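Chain by chain, the residues:
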Amino acid sequence: MADGPSEFRWMPEQASSFARETDALYLFLIGVSSFFTIAIAAAIVYFAIKYRRGSAADRSHPPTHLFYLELTWILVPFALTLVMFVWGAKAYFEQAWPPKGGIEISCVARQWMWKFQHPEGNAEIDDLHVPLGENVRMTLISEDVIHSFYVPEFRVKHDVLPGRYVTVWFRPTKAGQYHLFCAEYCGAKHSAMGGVVHVLEPSQYQLWLSGGGETNVSPQVAGQQLFEQLRCGTCHEGGGSGVNRGPPLENLFGSTVRLQNGTTVVADESYLRESIMRPAAKIVAGYQPIMPSFEGQIGEEGLLQLIAHLKSRAAPDRNAPPTGPSQPASPPLEKGQQP
Ligand code: CUA
C-alpha cells in the first residue's frame, strides 16, 4: 500500500518478519502444484493423441507392472508432502507462539471498528501505530460477532472471537502504512471495517506515544480504579480481618494455580477473564464458590484493564507466558476468507 494502489504486484509488500518465509512456502506449494498439473496434463494429451482410435501405435505388449515406477510415484509425493508439512508446521508454530517481551497492545473488535489500547494509555480506533523492528504482541477479543484481524503486508491473519482472547504477534520490518482488513463477514458494514497500521521508526513512535491518539490513563491505572470501584479487595485482600474469602491476587498472573478438582491451570489472560465472568468455572483449591459473576457489568475493555492491573501485581518476567499449549490455537490460514 505504501507504493500506492495503482502499482501491480503479485504479492503484497513484505513488511514483517513472517513475510519472506510465508511467501517462500506459498511459492513452493504453487511450484509443486504447477509442475504436477502441467506434467499430468501433458501426459494426458500425449497419450490421447498417441493412442487415439485408429492410430498405428504399438499395443502388442502392454506393461502390467513397473516396480520402480510405482516406487517413484509413492516416494516422491511422500517426500514433497513431508516437506510441506514440516515447513508449514514450523511457520505455524513461529506465528502461534509469541516470543517473550516486546510491546503489548490489546484490541477490542466490534461492529464495525477496531479499538486499540497501548500500555502507555494511548487508545486509537481503526489506526494502529507500532514501532519498526520490535515484537508486537496483541491480545484481541470481539465484543459481538467473529471478526478477523488481517494485515496482508505482515502475512498475519487471525480470527477475533467473542468470549475468548486470541494472541497475534508480528515484527514489522519496513516503515510505512499498511491496510488493516476485517477478513470475516461480520454484518452490513464488514467491508468498511478496516484501518491503517502505521509502522514508525522507534524515535517517531516515542514521539507519537507522547502526543498522539486519545490519551487516557494507562490500562494498568484504569484497572486499579475499576478494581477499587468493584470492591474486589473486599474478598481478595484481607486487610486487617485475617482470612481472605477469595484467593490472593499478588503475583498471580503467570503462576500455576491449583484447583479444587486437583488439576492445575496457568493464570494467563484467558483464565483471569473466565474467573471474573464465570467465577464458578474453576475454583481455586481451599476456597468456596462464593464470588458473584461480573458478566454484563464489565465490558471487554474493562476486563482488559483489570487484567493489566493484575499483571502489574506480578513479577515482570511472568508477564508474557507462552500462550501456545494452554490456548487452543486455530489454523493460521482459515477457509476461503476474503476481506
Ligand atoms: Cu468485522 Cu468483518
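Throughout, residues of each chain are indexed from 1 in the direction in which the sequence is written. Local features in a predicted model are, by the rule used here, given only for residues with pLDDT of at least 70; side-chain atom pairs are given and counted only at 80 or more, and totals for whole chains, interfaces and linings are based on all residues. Excluded from the side-chain calculation are hydrogens and water; included are all heavy atoms of the structure.

Enquirer: Report on the overall build of the protein chain, specifying residues and quantitative values.
Expert: Helix and strand content of the protein chain: seven helices and 13 strands. When each of the 339 residues of the protein chain is scored for burial, the buried share is 42%. Taking the intrachain contacts of the protein chain between residues at least 6 apart in sequence as the baseline, contacts between residues at least 24 apart amount to 68%. Where accessible areas are quoted, they stem from the Shrake-Rupley method and a 1.4 Å probe; at the residue level, only the protein chains shown are allowed to cover. Split by element, the accessible area of the protein chain, about 18,900 Å² in all, is 62% carbon and sulfur. Helix and strand definitions follow DSSP, with helices as H or I runs of at least four residues and strands as E runs of at least two, each counted in order from the N terminus. Only protein chains enter the area calculation, which uses a 1.4 Å probe; residues under 20% of their type maximum are buried, those over 50% are exposed, and those in between are partly exposed. By definition, residues are in contact when any of their heavy atoms lie within 4.5 Å.

Enquirer: An account of the nonpolar core is requested, with residue identities and associated values reported.
Expert: Note on terminology: a nonpolar core comprises buried Ala, Val, Leu, Ile, Met, Phe, Trp, Tyr and Cys residues joined through side-chain atoms within 4.5 Å. With 35 residues, the main nonpolar core has Trp-114, Phe-116, Met-138, Phe-149, Phe-154 and Phe-170 as its most contacted residues. Leave out the neighbours within four places in its chain, and Phe-154 touches Ala-15, Ser-16, Phe-18, Phe-170, Pro-172, Tyr-178, Val-197 and Val-199.

Enquirer: Would you mind going over the confidence of the model for the protein chain in detail, with residue names and values included?
Expert: The predictor attaches a confidence to each residue, called pLDDT, with possible values from 0 through 100. Here the protein chain averages 84 in pLDDT, while 88% of its residues score no lower than 70. The model gives residues 321-339 a pLDDT under 50, and that stretch makes 38 contacts with residues more than four places away or in other chains.

Enquirer: Describe the packing of helix α4 (residues 219-229) against helix α7 (residues 300-312), listing the residues and the values that go with them.
Expert: Here an axis means a line fitted to C-alpha atoms, over the contact stretch when the element is a helix, while the angle between two N-to-C directions is reported on a 0 to 180 degree scale. At their nearest, the axes of α4 and α7 sit 7 Å apart, and the two run at 100° to each other. With respect to their mutual orientation, α4 and α7 come out roughly perpendicular. Contacts from Pro-219, Gln-220, Ala-222, Gly-223, Gln-224, Leu-226 and Phe-227 in α4 reach Gly-302, Gln-305, Leu-306, Ala-308, His-309 and Ser-312 in α7. Charged residues are taken to be Asp, Glu, Lys and Arg, nonpolar residues to be Ala, Val, Leu, Ile, Met, Phe, Trp, Tyr, Cys and Pro, and polar residues to be all remaining types, Gly included. For the contact of α4 with α7, the class distribution of residues is six nonpolar, seven polar and no charged. When an angle is under 35 degrees it counts as roughly parallel; over 145 it counts as roughly antiparallel; between 65 and 115 it counts as roughly perpendicular; any other value is oblique.

Enquirer: Describe the pattern of salt bridges, with residues and values.
Expert: Where side chains of opposite charge bring their charged atoms close, a pairing between them can arise. Criterion for a salt bridge: a side-chain nitrogen of Lys or Arg within 4 Å of a carboxyl oxygen of Asp or Glu. This structure, assessed with the given rule, holds 15 salt bridges. With its nearest N and O atoms 2.7 Å apart, the salt bridge here joins Arg-110 to Glu-143. On the criterion of sequence distance, the pair formed by Arg-110 in strand β1 (residues 103-110) and Glu-143 in the loop between β5 (136-142) and β6 (147-151) is long-range, its members being 33 residues apart. For Glu-143, a relative accessible area of 37% corresponds to the partly exposed category. Salt bridges here are not isolated pairs; linked through shared partners, they connect Glu-104, Arg-137, Glu-269 and Lys-311.

Enquirer: Give a description of the packing of aromatic side chains that names residues and reports values.
Expert: The relation between two aromatic rings is expressed through the spacing of the ring centres and the mutual angle of the planes. Aromatic rings from Phe, Tyr and Trp, with only the six-membered ring used for Trp, were paired whenever their centres fell within 6.5 Å, and each pair was classed as stacked if the ring planes differed by under 30 degrees, edge-to-face if by over 60, and tilted otherwise. The final tally for this structure, using the stated rule, is 14 aromatic pairs. Pairing Phe-67 with Tyr-68 gives two aromatic rings, centres 5.1 Å apart and planes at 80°, and the pair type is edge-to-face. Here the aromatic cluster, defined as three or more aromatic residues joined through ring pairs, consists of Tyr-46, Phe-47 and Tyr-51. Distance and angle both matter: a charge sits over a ring if NZ of Lys or CZ of Arg is within 6 Å of the ring centre and within 35 degrees of the ring normal. Positioned over the ring face of Tyr-165 is Arg-273, at 5.8 Å from the centre of the ring. Of note, Arg-313 hangs over the ring of Phe-227, and the distance from its end group to the ring centre comes to 5.1 Å.

Enquirer: Please provide a residue-by-residue account of a nonpolar patch on the surface, values included.
Expert: A residue counts toward a patch only above 30% relative accessible area and without a salt bridge, and it is joined to like-charged neighbours within 9 Å or, for Val, Leu, Ile, Met, Phe, Trp and Tyr, to nonpolar neighbours within 5 Å. Residues Leu-66, Phe-67, Tyr-68, Leu-69, Leu-71, Trp-73, Ile-74, Leu-75, Phe-78, Leu-82, Phe-85 and Val-86 make up a contiguous nonpolar surface patch of roughly 1,300 Å² in combined accessible area. Positionally, Val-86 belongs in helix α2 (residues 67-96). Take Val-86: its relative accessible area is 52%, and that puts it in the exposed class.

Enquirer: Describe the environment of Gly-101, naming the residues involved and giving the relevant values.
Expert: As for its position among the elements, Gly-101 is in the loop between α2 and β1. In this structure the C-alpha to C-alpha distance between Gly-101 and Val-136, which are 35 residues apart in sequence, comes to 8.7 Å.

Enquirer: Give me the lowdown on the side chain of His-118, citing residues and values where you can.
Expert: With respect to the secondary-structure elements, His-118 resides in the loop between β2 (113-117) and β3 (122-125). A distance of 3.1 Å separates polar atoms of two side chains, one belonging to His-118 and the other to Tyr-205. Those residues in contact with His-118 that sit more than four places away from it in its chain are Ile-105, Glu-124, Leu-128, His-129, Tyr-205, Trp-208, Leu-209 and Pro-219. Definition of a polar contact: a pair of N or O atoms within 3.5 Å, with one able to donate and the other able to accept a hydrogen when the atoms are protein atoms, and with sequence-neighbouring residues admitted only if both atoms are side-chain atoms.

Enquirer: Help me get a handle on unusual backbone geometry, residues and values and all.
Expert: Following Gln-111, the chain continues to Trp-112 via a peptide bond in cis, the omega torsion being -5°. Positionally, Trp-112 belongs in the loop between β1 and β2. Positive phi is not limited to glycine here, since Arg-155 has a value of about 60°. Tracing the backbone through its elements, the reader meets Arg-155 in the loop between β6 and β7 (156-160). A positive phi angle is found at Asn-251, which is not glycine, with a value near 60°. Along the chain, Asn-251 falls in the loop between α5 (233-236) and β12 (256-258).

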